[in-house]
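Coordinate inspection notes
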Amino acid sequence: MKQYTLKKVIDFNDSYDIIIVGGGPAGCAAAIAAARDGANTLLVEATGVLGGMGTAGMVPAWCYFSDGEKIIYRGIAEKVFTEARKGVPHESENAMSWVDINPEQLKLVYDRFVKHSGVDVLFFTRLAGVEMKRKSEIDFLLLASKQGLKAYKAKVYIDCTGDGDLAAWAGATYEVGDQEHRMQSATHCFSMAGVDMYHYTTGIRLHGDNKKSPIYEILADKKYSLIRDSHLCQNPVGPGVVQFNAGHIDANTLDDRQLSQAMILGREMANQYGEALKEYYPQAFGHAFINNTAQLLGVREGRRIIGDYILTLDDFKARRQFDDEIGRNSYYVDVHIPGSESVHYQKGESHGIPYRILTPKGLENLLVAGRCVSSDSMVYGSIRVMTNCLVMGEAAGTAAYLCFKGVHDVHKVDTNKLRERLKQAGQYFL
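A brief look at the structure comes next. (Residues numbered from 1 in each chain as written. Predicted model: local features only at pLDDT ≥ 70, side-chain atom pairs only at ≥ 80, totals over all residues. Heavy atoms only, no water.)

**A short note on the nonpolar core**
Core analysis: the largest hydrophobic core is formed by 106 residues, its most contacted members being Ile19, Trp62, Leu141 and Leu367. Looking at which element gives the most residues to this core, the answer is helix H11 (residues 386-407), with 12 residues. Not counting the four nearest positions on each side in its chain, Leu141 is found in contact with Ile19, Val21, Leu127, Gly129, Val130, Lys150, Ala151, Tyr152, Tyr157 and Leu166. (Core = buried A, V, L, I, M, F, W, Y, C linked by side-chain atoms within 4.5 Å. Buried < 20%, exposed > 50% of the residue type's maximum accessible area, 1.4 Å probe, protein only. Helix = DSSP H or I, 4+ residues; strand = E, 2+ residues; numbered from the N terminus. Contact = heavy atoms within 4.5 Å.)

**Things to note about helix H7 (residues 256-280)**
Taking 1.5 Å of rise per residue, the 25 residues of H7 would be expected to cover 36 Å, and the 36 Å separating its terminal C-alpha atoms lies within 8% of that figure. Along H7, the positions that sit buried rather than exposed are Ala262, Met263, Gly266, Met269, Ala270, Gln272, Tyr273, Gly274, Ala276 and Leu277. On its buried face, H7 sits against strand S10 (190-193), helix H6 (215-220), strand S11 (232-238), strand S12 (241-246), helix H8 (282-285) and strand S13 (289-293). Sitting at the head of H7, Asp255 places a side-chain oxygen 2.9 Å from the backbone nitrogen of Arg257. (Expected span 1.5 Å × (residues − 1). Polar contact = N/O pair within 3.5 Å; in protein donor to acceptor, adjacent residues only side chain to side chain.)

**Observations concerning the packing of aromatic side chains**
Under the counting rule described, the total for this entry stands at 18 aromatic pairs. An angle of 5° between the planes, with centres 4.2 Å apart, marks the rings of Phe316 and Tyr345 as stacked. Separated by 29 residues along the polypeptide, Phe316 in helix H9 (residues 313-317) and Tyr345 in the loop between strand S15 (325-329) and strand S16 (351-354) bring together distant segments of the chain. For Phe316, a relative accessible area of 0% puts it in the buried group. Exposure remark for Tyr345: the relative accessible area of 13% places this residue in the buried category. Within the aromatic cluster, the residues linked to one another by ring pairs are Phe190, Tyr200, Phe244, Tyr273, Tyr281 and Phe285. The side chain of Arg303 reaches across the aromatic face of Tyr174, ending 5.3 Å from its centre. Geometry around Tyr380 places Arg304 over its ring, the cationic atom sitting 5.8 Å from the centre. (Phe/Tyr/Trp six-rings, centres within 6.5 Å; stacked < 30°, edge-to-face > 60°. Lys NZ or Arg CZ within 6 Å of the ring centre and 35° of its normal.)

**Some details on the sheet that holds S11**
Sheet strands line up and pair through hydrogen bonds in the backbone, either parallel or antiparallel. Taking strand neighbours across the sheet as the criterion, the 4 strands line up as S11-S12-S10-S13 in an open arrangement whose pairing is antiparallel. Looking at which strands have only one partner, the edges of the open sheet turn out to be S11 and S13. When the angles between neighbouring strand axes are averaged without regard to direction, this sheet yields 30°. Where S10 lies against S12, 4 bridges are found, and the strand directions are antiparallel. Looking across to S12, one finds that Ala193 is bridged to Val241. Against the sheet, H7 engages S10, S11, S12 and S13, with an angle of about 155° to S13. (Pairing = 2+ DSSP bridges. Axes fitted to C-alpha atoms, helices over the stretch in contact; angles between N-to-C directions.)

**What to know about the pattern of salt bridges**
All chains considered together, the criterion is met by 25 salt bridges. For Asp139, the salt bridge is made with Lys153, and the minimal N-O distance between the two is 2.6 Å. Of the two residues, Asp139 sits in strand S6 (residues 137-145) while Lys153 sits in the loop between strand S7 (148-152) and strand S8 (156-159), which places them 14 residues apart along the sequence. A salt bridge links Arg205 to Asp209, with the nearest nitrogen and oxygen atoms 2.3 Å apart. Among the charged side chains, a network of salt bridges with common partners joins Arg134, Glu137 and Glu364. (Salt bridge = Lys/Arg side-chain N within 4 Å of Asp/Glu carboxyl O.)

**Overview of the environment of Tyr332**
Relative to the elements of secondary structure, Tyr332 occurs in the loop between S15 and S16. With a relative accessible area of 15%, Tyr332 lands in the buried category. Separated by 12 residues in sequence, Tyr332 and His344 place their C-alpha atoms 4.7 Å apart.

Right, here's the structure in full:
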């Protein structure tokens, strides 16, 4: 493949203190946290909507917001959760786990929180390149939009791309997959409208853990060949509308072609689910139809950027606490690879999330937050979910502010000051 050298004068913007790439839960929380403390902050998002998997990805429910006894994902995470619940008034006020998500309500929540914090947002803008001042310091970013390429320079950068694109392009060390090079399967979420909600709510439980679920008849029917396992999570999001997190797609989603093929396959899978449910559960789905498929593939695994600490499954099992922890996590180890170990906590149990998994080795002015943080392949199945992304994003945004105001090196941020500021903002940790 030929390579070309860019020879063109482009606009240069160096007005921002902090630039965050990726407007999912981690990116939104990072931007809000950075701006609330006074940083001039830019949030860059490749699509036209904030929220990532909960909005454009159509994931139909939040994972655990509590440890079974109390909310432990607090601060910005709890505020987002509280406002998002207003879009699903059918949910119990006491529900803290697997709470339904109305994606349109959640879009408004993120828009409003980010706008009111004073963050500048660039939609339909992608990271196109990373220029280094020296091996350990990012100089500026190249961003591509409708106006072409532009250069943006900040004091601190935060990678919330999910796959760690910014960090990887800056030279960070990373891992992908487990020891056998297997990656977790992805899912393309979708929704069906026209569902008979009486039969849906009072009839057969669809989830695969119910051996009487129609999914097992569907799996035996060869004409639905794209449906190959019993993964069938779904949540009602409004009258007559049910949103699905169902099925699996195997692809290396770091590869452009495989990612593109996975999106096409995902829409075909959604169509098969719709036809199959009409046939095998007509009481609820006989008059229903696929009314939306997600704009984003539900990617569960990409790069894991190697940081100053690598969170491990042993840390999870030991319910480990850390001197630099910036939040707590109680979500179970949920790895979508056949035969993988699933590890659950009892009520009231959780582990700490250390700040050091946000700090890529060898890079002074870059933090990571969200799905690309430093962890082993197993605990990654727990730390990757939206609740944790919100918590880690808030910590990253707060740390970025402390960094550019003081030490100018993310590895030297005073974690006592960081934890004190997070506690003031309502975050929970031990």
